[in-house]
Amino acid sequence: MRKIRETLRLHLQAGLSYSEVARALKISKSAVGKYVSLARVAGVDWDTAQTLSDEDLEARLYRPALPRGSHQRAPDFGVVHQELKRPGVTLMLLWEEYASGNPLAYKYTSFCVKYAEFAKCQQRSMRQIHIAGEKLFYAGDTVPIVDPVTGEITRAQIFVATLGASNYTYACATPRQTTADWIGAQVLALEFLGGAPRLIVPDQTRSLIKTPDRYDPQPNRTYEEFACHYGCAVLAARPAHPRDKPKVEGSVLLVQRWILARLRNRRFFNLAELNAAIAKLLVDLNNRPFKKLPGCRRSAFESLDAPALRPLPATRYAISRWKTAKVNIDYHVEFEGHYYSVPHRLVGAKIDVRVTGNLLECFASNQRVAGHASSAVHGGFTTVPDHMPASHRAHLEWTPAKLIAWGQRIGVSTAAVVTWQLEHRPHPEQGYRACLGLLALVRRYSAERLEAACTRAMAIRAPNLRSVTNILKCGLDRQPSLFPATSSPAIDHENVRGPDYYH
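Here's what I pulled together on the structure shown here.

Conventions and cut-offs
- Residues numbered from 1 in each chain as written.
- Predicted model: local features only at pLDDT ≥ 70, side-chain atom pairs only at ≥ 80, totals over all residues.
- Heavy atoms only, no water.
- Pairing = 2+ DSSP bridges.
- Helix = DSSP H or I, 4+ residues; strand = E, 2+ residues; numbered from the N terminus.
- Phe/Tyr/Trp six-rings, centres within 6.5 Å; stacked < 30°, edge-to-face > 60°.
- Buried < 20%, exposed > 50% of the residue type's maximum accessible area, 1.4 Å probe, protein only.
- Lys NZ or Arg CZ within 6 Å of the ring centre and 35° of its normal.
- Contact = heavy atoms within 4.5 Å.
- Axes fitted to C-alpha atoms, helices over the stretch in contact; angles between N-to-C directions.
- Parallel < 35°, antiparallel > 145°, perpendicular 65-115°, else oblique.
- Left-handed = near helix turned anticlockwise from the far one by under 90°.
- Nonpolar A, V, L, I, M, F, W, Y, C, P; charged D, E, K, R; others polar.
- Salt bridge = Lys/Arg side-chain N within 4 Å of Asp/Glu carboxyl O.
- Expected span 1.5 Å × (residues − 1).
- Core = buried A, V, L, I, M, F, W, Y, C linked by side-chain atoms within 4.5 Å.

This part is about the sheet that holds strand E10 (residues 338-341). Read from one edge to the other, the open sheet built from three strands follows the order E9-E10-E14, with strand pairing classed as mixed. With one partner strand each, in any of the chains shown, strand E9 (332-335) and strand E14 (381-382) form the two edges of the open sheet. When E10 meets E14, the two strands line up parallel, connected through two bridges. Counted as the bridge partner of Tyr339 is Phe381 from E14.

What follows is the structure, given as structure tokens:
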């Protein structure tokens, strides 16, 4: 009794923790917890303990054994089982609440033993304790849909999701098992629940899991983005291990029996019709009473999971598609046959491309570097001028009208040479390059010399870039004109043949 009194003093008066009291008194931590729990159930605090003798204190803490034939008041272990699903609830706490003011209550050890026997009868497998709001499991099934025109039968996929603590179930139909289908169904499931759990346990389907693995599966980029949007973590179940997600496997069986079996004689012609029928029967499934536990799935959800779920974001997750692409030498990346530009400094780099609705975005090192309106033109190009090198951008800005106007600012002959380049080349790009070559000559020489050289080139009927360049190099633009404005006097020389020579 001395150690019991000292335990109560150190914990209740001095405020030491169980571990600190155990080290001080050289007893086990569990013994400290036992003494404190006995005192709490008996309503004995430190002030009361000081007024009691050892015999009275022992009588208060340790109730006398009940005589044979007396009937102890057993707790409702179904309620205990449900309460254990709440965050932070333990068997010790539930026993204290049960035993407080109940002289016919079981001792703590008997309470634990009898609960273990109750839990063992629930299922012959490893018992998983599901904390409220912690896990959402999902799996799938199929239902036939008939095309009303062709009569072709396709198999719609039935998506089933279940919360671990309450078994609250959601189901809907999707056309296939693509990434967009499965994530879209999970978005609807979270909106049906009105909140987001901390953990989602999916199958290792290739539409969601990029790298399937028994120990460390990796979700794809779209699924990671979905989980991040709703603040969840993803823990995929091991392949071929349905007991990793027994809750949803049982719910799939219930959906088959209580929903799909009731719809077996109906023919559905579209997903909307099938989903309307499933939603109607889903209400009945969640309201069906448990057989071994109090309440139903809906009442368990409202008391357990609903308060523990995290609130949903203000906006619904917009499903996006991701692709890793290499930037080509023309600073464009390809997505579904169309080419989109990125900054030219990224040539040769690998970037991530995300398409959300009509928006295509490019990311390099997790930084957004480009955004375009997505296009369905196969083989087309979408180019932003700011992504081009300065020389390419300048080349792109030149047009025939702009080049001719530039030539006219230099002079009439220069404009004539520019016009000739644009009209006598097999391809317009060749004329652009020749005109840009003339522009370079202005920077090297001067506008006056270029105009003189173009005048001479037009006079000799050679209005091309090479002729103009040679005239400037040789300085011929500074020589007298080949056709002066005033005629020079006739030369009288004996070697000059006149018109009479040919008669």
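And the narrative resumes.
In total, this model carries 16 aromatic pairs according to the counting rule given. Seen in terms of ring centroids, Phe77 and Tyr115 are 6.4 Å apart; in terms of plane orientation they differ by 40 degrees. Their pairing is tilted. Within this pair, whereas Phe77 is found in helix H6 (residues 77-83), its partner Tyr115 is found in helix H8 (residues 108-122), the two being separated by 38 residues in sequence. The same class applies to Phe77 as to Tyr115, namely buried. Put simply, the rings of Phe159, Tyr168, Tyr170, Trp182, Phe192 and Phe301 pair up and form one aromatic cluster. Across the ring face of Trp322, the terminal group of Arg221 is positioned such that the distance to the ring centre comes to 3.9 Å.

Of note, Val327 is situated in the loop between strand E8 (320-326) and E9. For the pair Val327 and Lys350, spaced 23 residues apart in the sequence, the C-alpha separation amounts to 6.3 Å. Filtering out sequence-adjacent residues up to four positions away, Val327 remains in contact with His332, Val333, Val342, Leu346, Val347, Gly348, Ala349 and Ile351.

A word on the sheet that holds E8. Read from one edge to the other, the open sheet built from four strands follows the order E8-E11-E12-E13, with strand pairing classed as antiparallel. The open sheet has two edge strands, E8 and strand E13 (367-373), and neither has a second partner. Ignoring which end each strand starts from, the neighbouring axes of this sheet average 25 degrees apart. Bridge analysis of strand E12 (residues 359-364) against E13 gives six bridges, and the strand direction is antiparallel. Along E13, the bridge assignment pairs Leu360 with His372. In the packing of helix H10 (residues 221-230) onto the sheet, the strands contacted are E8 and strand E11 (350-356), and the crossing angle to E8 comes to about 135 degrees.

The contact between helix H2 (residues 18-25) and helix H3 (residues 29-42) brings their axes to 8 Å, and the two run at 115 degrees. Considering the angle they form, H2 stands roughly perpendicular to H3. Judged by the sense of rotation from one axis to the other, the crossing of H2 with H3 is right-handed. Residues Tyr18, Ser19, Val21 and Ala22 of H2 touch H3, and the partners they reach there are Lys29, Val32, Gly33, Val36 and Arg40. Taken together, the residues that form the contact of H2 with H3 break down as five nonpolar, two polar and two charged.

Let's shift gears to the pattern of salt bridges. Taken as a whole and judged by the stated rule, the model has twelve salt bridges. Residue Arg316 pairs with Glu191 through a salt bridge whose shortest N-O separation is 2.8 Å. Taken as a pair, Arg316 in the loop between helix H13 (297-308) and E8 and Glu191 in helix H9 (residues 179-193) lie far apart in primary sequence, 125 residues in all. Two residues, Glu334 and Lys323, come together in a salt bridge whose shortest N-O distance is 2.9 Å. Here Glu334 is found in strand E9, whereas its partner Lys323 is found in strand E8, with eleven residues between them in sequence. For Glu334, a relative accessible area of 28% gives the class partly exposed.

A few words now on helix H12 (residues 271-287). The end-to-end C-alpha distance of H12, which contains 17 residues, comes to 25 Å, matching closely the 24 Å that a straight helix rising 1.5 Å per residue would cover. The complete set of buried residues in H12 reads Leu274, Ala277, Ile278, Leu281, Leu282, Leu285 and Asn286.

Let us look at the environment of Val353. Here Val353 lies in strand E11. Each C-alpha atom, one on Val353 and one on Lys326, is 10.0 Å from the other, the two residues being 27 residues apart in sequence. Each residue touching Val353, except ones within four places of it in the same chain, is listed here: Arg321, Trp322, Lys323, Ala325, Val333, Phe335, Leu360, Glu361 and Cys362.

Counted residue by residue, E11 has five buried out of seven residues, so it is predominantly covered. Across seven bridges, E8 lies against E11 in antiparallel orientation. Bridge pairing links Thr324 to Asp352 in E11. Pairing analysis gives five bridges linking E11 to E12, with the strands arranged antiparallel. Bridge pairing in E12 places Val353 opposite Cys362. Between E11 and E12, which pair antiparallel one after the other, the connecting turn spans two residues, and Gly357 there sits at a positive phi close to 65 degrees.

One non-glycine residue, Tyr331, adopts positive backbone phi at about 50 degrees. Along the chain, the position of Tyr331 falls in the loop between E8 and E9. Tyr331 sits in the buried class, given a relative accessible area of 8%. At Glu336, a residue that is not glycine, the phi angle is positive and equals roughly 55 degrees. Locating Glu336 in the fold gives a position in the loop between E9 and E10.

Of all hydrophobic cores here, the largest spans 39 residues; its most connected members are Phe226, Ile259 and Leu274. Contact partners of Ile259, with chain neighbours within four places excluded, come to Leu254, Ile278, Leu281, Leu282 and Leu285. In terms of nonpolar packing, the next biggest core, distinct from the first, is built from 26 residues, Trp46, Leu52, Leu61 and Ala99 among them.

These values are about where atoms sit, not about what they do.
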